[in-house]
Amino acid sequence: MFAANRFVADASSDHLKLRRLPASMPVAANVFRLRQSLREHLKALDQLESRQY
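A. Geometry of the overall build of the protein chain. From N to C terminus, the protein chain includes two helices and zero strands. Counting only residues that meet the buried cut, the protein chain has 4% of its 53 residues in that class. Split by element, the accessible area of the protein chain, about 5300 Å² in all, is 61% carbon and sulfur.

See the structure below:
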């Protein structure tokens, strides 16, 4: 998985766990923080895609 990169595999696994979290427990969402977090994640993915490690 992910060219045997354990860091990416761990991050992916953690990400999937977090994605399942809202379905397992009701929480009040802070919309501002959710949007900020999504922008941060998209920026990180863009940097990975452009090989800016």
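B. Geometry of helix α2 (residues 31–49). Its 19 residues place the ends of α2 27 Å apart at the C-alpha level, agreeing with the 27 Å of an ideal helix rising 1.5 Å per residue. Looking at where α2 begins, the residue whose side-chain oxygen comes 3.2 Å from the main-chain nitrogen of F32 is N30. One or two steps after α2, the chain reaches R51, where phi turns positive at roughly 60°.

Criteria and thresholds
Residues numbered from 1 in each chain as written. Predicted model: local features only at pLDDT ≥ 70, side-chain atom pairs only at ≥ 80, totals over all residues. Heavy atoms only, no water. Helix = DSSP H or I, 4+ residues; strand = E, 2+ residues; numbered from the N terminus. Buried < 20%, exposed > 50% of the residue type's maximum accessible area, 1.4 Å probe, protein only. Areas by Shrake-Rupley, 256 points an atom, 1.4 Å probe, with all protein chains shown as cover. Expected span 1.5 Å × (residues − 1). Polar contact = N/O pair within 3.5 Å; in protein donor to acceptor, adjacent residues only side chain to side chain.

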